Amino acid sequence: MDQHYMQKALDLAKLGWGKTRPNPLVGAVIVKNGEVIAEGYHHYYGGDHAEVDALKKVNFSVEEATMYVNLEPCSHYGKTPPCVEAIIKSNIKKVVVALEDPNPKVAGNGIRILKNHGIEVVTGVLQEEARKLNEIFIKYILTQQPFCILKTAMTLDGKIATYQGDSKWITSEDAREYVHHIRNRVAGIMVGISTVLKDNPRLNTRIANKEVNHPARIIIDSKLRVPVDAKVIETATQQTTIIATTEKAPKEKINQLQRLGIEVMIAAEEEGKVNPKDIALKLGQRGIDSILLEGGGTLNYSALQSGIVDKIMYFIAPKIIGGRNAITSVEGEGKDLIKDAFTVEDISIHKFYRDILIEGYVRKG
């Protein structure tokens, strides 16, 4: 039954998507005599942690009860007091933990404190599921660099647009709606200037009947070609907009954009273009813990080559465009040999009405 109750905790944790950053997603379930007596989750940054949220919902003694939580209870003071204190005071008998907290401020200390107070602790239940749920938090807390997801939509023959540049729409409406749920979870959306010039997107989040998170818009624009009447510029007061450029960018244009509310970020240069690794480091320092990369083939290759991509999401539609000049999802110079290809592992597949989504993790090293 441990796995059953831990899955409930994981499902509760997901309710905090897009609201707890930079804290992790955590859910908690309290079980007594084989029955769930309380559930809780971390609703938003600065609010009660999942364990405390669950404990506040119980109107009677939880002595002899078991708490299931997908991440080790915290043992340090932050926005809220340590969760281990609340658990100890409650007289809970047992705590089942999916994943030890990678945060150096915790890192097993919460578990040790609970054990030292006579509370039985079981770890590792649905550990991999818990790790994937908080993959953004884990990378950021350990490296201070954003977790980068490369998302693209293509046809069966690997095209993201026709030879004339038409790309609306490759995938069906339900797949496109799902992308907005992904946008709702991340801190930033990154595109290249070519996407802005061709599509003039808003790069916001649109989910019917739901309060949403609008990620920071990050435009890679080494020569500052972005038009001041582009939608991302016109709406800069409504949504954080960052333009990454180089020291060679025109100072007058930089000043103009800054007056319009744009944050201009100067990155290191690589062959006349913004260095993806350097901009990722700067975005991490800026507090951006996750990026959804929705670029074209050139930016996608540059990001993969630099090593900043952690995960891929490939939406594949049952269509065939053809054409040797039609645009592909990853362009650039490409690899000379198959053995040097970017390798994706830990694959999962999700089916929509017409399309499929292939997710996986880019092998590092």
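Everything below is about the structure printed above this text.
As the structure is a prediction and not an experimental result, all values here were calculated from the model. (Residues numbered from 1 in each chain as written. Predicted model: local features only at pLDDT ≥ 70, side-chain atom pairs only at ≥ 80, totals over all residues. Heavy atoms only, no water.)

Within the span of helix α10 (residues 251–259), buried status applies to Lys 253, Ile 254 and Leu 257. All buried residues of α10 fall inside an arc of 105 degrees around its axis, so they share one side. Set apart from the buried face of α10 by more than 90 degrees, the exposed residues are Lys 251, Glu 252 and Arg 259. Close packing links the buried residues of α10 with α9 (231–234), β10 (241–245) and β11 (263–266). Just downstream of α10 lies Gly 261, where phi reads positive at about 95 degrees. (Buried < 20%, exposed > 50% of the residue type's maximum accessible area, 1.4 Å probe, protein only. Helix = DSSP H or I, 4+ residues; strand = E, 2+ residues; numbered from the N terminus. Arc of directions from axis to C-beta. Contact = heavy atoms within 4.5 Å.)

Turning our eyes to something else, we now look at the sheet that holds strand β5 (residues 120–123). Pairing in this open sheet of five strands is mixed, and the strands run β2-β1-β3-β4-β5 from one edge to the other. Whereas interior strands pair on both sides, the edge strands pair on one side only; in this sheet they are β2 (35–41) and β5. For this sheet the average axis-to-axis angle between neighbouring strands, irrespective of direction, equals 20 degrees. (Pairing = 2+ DSSP bridges. Axes fitted to C-alpha atoms, helices over the stretch in contact; angles between N-to-C directions.)

This brings us to the sheet that holds strand β6 (residues 147–155). The mixed open sheet is built from nine strands, whose spatial order is β11-β10-β9-β8-β14-β6-β15-β18-β17. The sheet terminates laterally at β11 and β17 (344–351), the two strands that pair on one side only. Strand-to-strand twist across the sheet, computed as the mean angle between neighbouring axes with direction ignored, equals 20 degrees. One ladder, built from six bridges, connects β17 with strand β18 (residues 356–362); its direction is antiparallel. Across the sheet, the residue bridging to His 350 is Leu 357, located in β18. Where helix α7 (residues 173–183) meets the sheet, it contacts β6, β8 (188–192), β14 (290–293), β15 (311–317) and β18, and its direction lies at approximately 165 degrees from that of β15.

The next subject is the pairing of β10. When you tally the buried positions in β10, you get five out of five residues, the bulk of the element. The alternating pattern of β10 places Thr 241, Ile 243 and Thr 245 and Ile 242 and Ala 244 on opposite faces, both of which are buried. Inspection of the sheet shows strand β9 (residues 216–220) paired to β10 by four bridges, in the parallel sense. Among the inter-strand pairings, Ile 219 is bridged to a residue of β10, identified as Ile 243. As judged from the four bridges shared by β10 and β11, these two strands associate in the parallel manner. Its bridge partner lying in β11, Ala 244 is registered against Met 265.

Limitation: the analysis is restricted to geometry and does not speak to function.
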